[in-house]
Every structure is written in C-alpha cells, then in structure tokens.
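# Tertiary structure, described
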Amino acid sequence: MCIHFFMEVLFIASKEKDLFINEQIRAKEVMVIGPNGEQLGVKPIKDALTLASYAGFDLVLINMNATPQVCKIMDYNKYKYESKKKQKENMKRQREANLDVKEYRLSVTIDVHDFNTRVNNASKYLEKGHKIKVSIRFKGREMAHPELGKDVLLRFADAVKDIAEVEQEPKIEGRFMNMLLMPKKDK
C-alpha cells in the first residue's frame with residue numbers, strides 16, 4: 001500500500017505538465033469530443049476508451065475542472081510534437097525581438113578587409129530591421145587623436161548610407177566613441 005501511494009505521487013509529479021491519457025483518466029463519465037471537433041456527448045469512460053481505440057487515437061483529458069470532465073479523441077504524440085514546435089517557434093521569435101541593438105567594435109587602425117567584413121555583416125543585420133551600435137575603443141596615445149576615430153565611424157556610416165541613417169552622431173564616452181545607426185524607413 002505504501003509503495004502504491006509513493007508511485008502515485010511520483011506519477012502525478014512527473015505528469016504535472018502533461019495531460020492525462022487513456023487509462024490515466026479516473027472519471028466515471030466524460031464529455032467526448034471527436035477527432036474532427038464534433039461533440040459525441042457524455043459517455044462512460046469505458047465507452048469513450050473503446051471509441052478512441054476504434055478510431056486508432058488516444059483519449060486525452062482536456063479539461064478536468066468541468067462537470068463532466070472533457071476528453072478529446074486525438075493523436076497524443078502528434079499533439080505533443082506540434083506543441084513543442086510552437087514553443088520553439090515562440091522562443092525563436094522572442095530571441096529575435098531581444099536582438100534589437102547589435103554592437104560592432106572597430107579600432108582606429110582597422111584594416112580595409114576587416115572594415116569591409118564588418119560593413120557587410122552590419123548591412124545584413126540592418127536589412128532585418130535592427131539597430132547597429134558602432135564603437136571604437138581608444139588605446140594609449142590614440143586618446144590624443146579622437147578625430148581619427150570619428151573619421152572611421154563616419155566612413156562606416158557612409159559605407160551603409162543606402163540602407164541606414166545615423167540616429168546618434170559619434171560622441172566620446174570615456175575611452176569609447178559610439179555612434180548609433182538605424183535602418184532607413186521605406187516610404
């Protein structure tokens with residue numbers, strides 16, 4: 001008896017997020033919804049299980065708080081697969097929404113190829129509709145010539161001028177000079 005109680009508690013804890021299916025349903029009578037969404041009426045649990053097995057599907061408890069409890073005849077594995085797929089898609093959309101500002105770091109002495117690579121990457125990101133933060137970190141004696149960093153930032157803005165516009169002009173903050181670019185609005 002003690003082992004049975006422990007197994008039942010363990011079962012409830014592991015199935016907390018899952019729905020009850022087939023023999024896991026403990027109600028005597030349930031409202032049955034068919035695989036195509038049609039209502040089949042209130043039936044004893046044995047009859048509902050028989051209907052589900054004849055249809056080749058599972059009997060899934062949808063609403064346990066209703067009187068009588070509501071069950072649907074469906075392919076449970078397909079339902080779980082589709083719900084996981086929707087959840088992944090929602091997570092992907094949420095991640096994309098959080099990637100609003102992408103930062104690109106340049107240096108005063110950046111090489112032409114490195115500069116072009118960053119311009120190409122930033123262009124792809126701007127085409128998706130996101131903002132770009134371009135920054136330069138001054139090292140050592142470079143602090144004495146901030147105009148060189150400003151020239152690099154303006155050259156970057158000029159390279160993407162067909163798809164972006166400057167939202168915030170280059171300004172110096174400590175050892176960094178930052179500029180903010182946003183995609184052009186189509187009119």
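One can find the structure itself at the top, above this paragraph.
Bear in mind that the values here come from a model prediction, so they are computed numbers and not experimental data.

Taking strand neighbours across the sheet as the criterion, the four strands line up as β5-β6-β8-β7 in an open arrangement whose pairing is mixed. This sheet does not close on itself; its edge strands, each paired only once, are β5 (101–106) and β7 (164–173). Averaged over all neighbouring strand pairs, the angle between strand axes comes to 20°, with direction disregarded. Sheet analysis places β7 next to strand β8 (residues 176–183), joined by seven bridges and oriented antiparallel. Of the residues in β8, the one forming a bridge with E173 is F176. Helix α4 (residues 112–127) rests against β5, β6 (131–137), β7 and β8 of the sheet, and its axis sits at about 170° to β5. Relative to the sheet, helix α5 (residues 146–159) contacts β5, β6, β7 and β8, its axis offset from that of β8 by approximately 15°.

Looking now at unusual backbone geometry. Between T67 and P68 the backbone carries a cis peptide bond, its omega angle lying at -10°. Topologically, P68 is positioned in the loop between β3 (58–63) and β4 (69–74). For N22, which is not glycine, the phi torsion reads 45° and is therefore positive.

Pairing between side chains of opposite charge can happen when the charged atoms of each approach one another. As enumerated under the stated definition, the model contains four salt bridges in all. Residue E167 pairs with K131 through a salt bridge whose shortest N-O separation is 3.3 Å. Taken together, the positions of E167 in strand β7 and K131 in strand β6 put the pair 36 residues apart, joining distant regions of the chain. Under the relative-accessibility criterion, E167 is labelled partly exposed at 37%.

Scoring rules and cut-offs
Residues numbered from 1 in each chain as written. Predicted model: local features only at pLDDT ≥ 70, side-chain atom pairs only at ≥ 80, totals over all residues. Heavy atoms only, no water. Pairing = 2+ DSSP bridges. Helix = DSSP H or I, 4+ residues; strand = E, 2+ residues; numbered from the N terminus. Axes fitted to C-alpha atoms, helices over the stretch in contact; angles between N-to-C directions. Contact = heavy atoms within 4.5 Å. Salt bridge = Lys/Arg side-chain N within 4 Å of Asp/Glu carboxyl O. Buried < 20%, exposed > 50% of the residue type's maximum accessible area, 1.4 Å probe, protein only.

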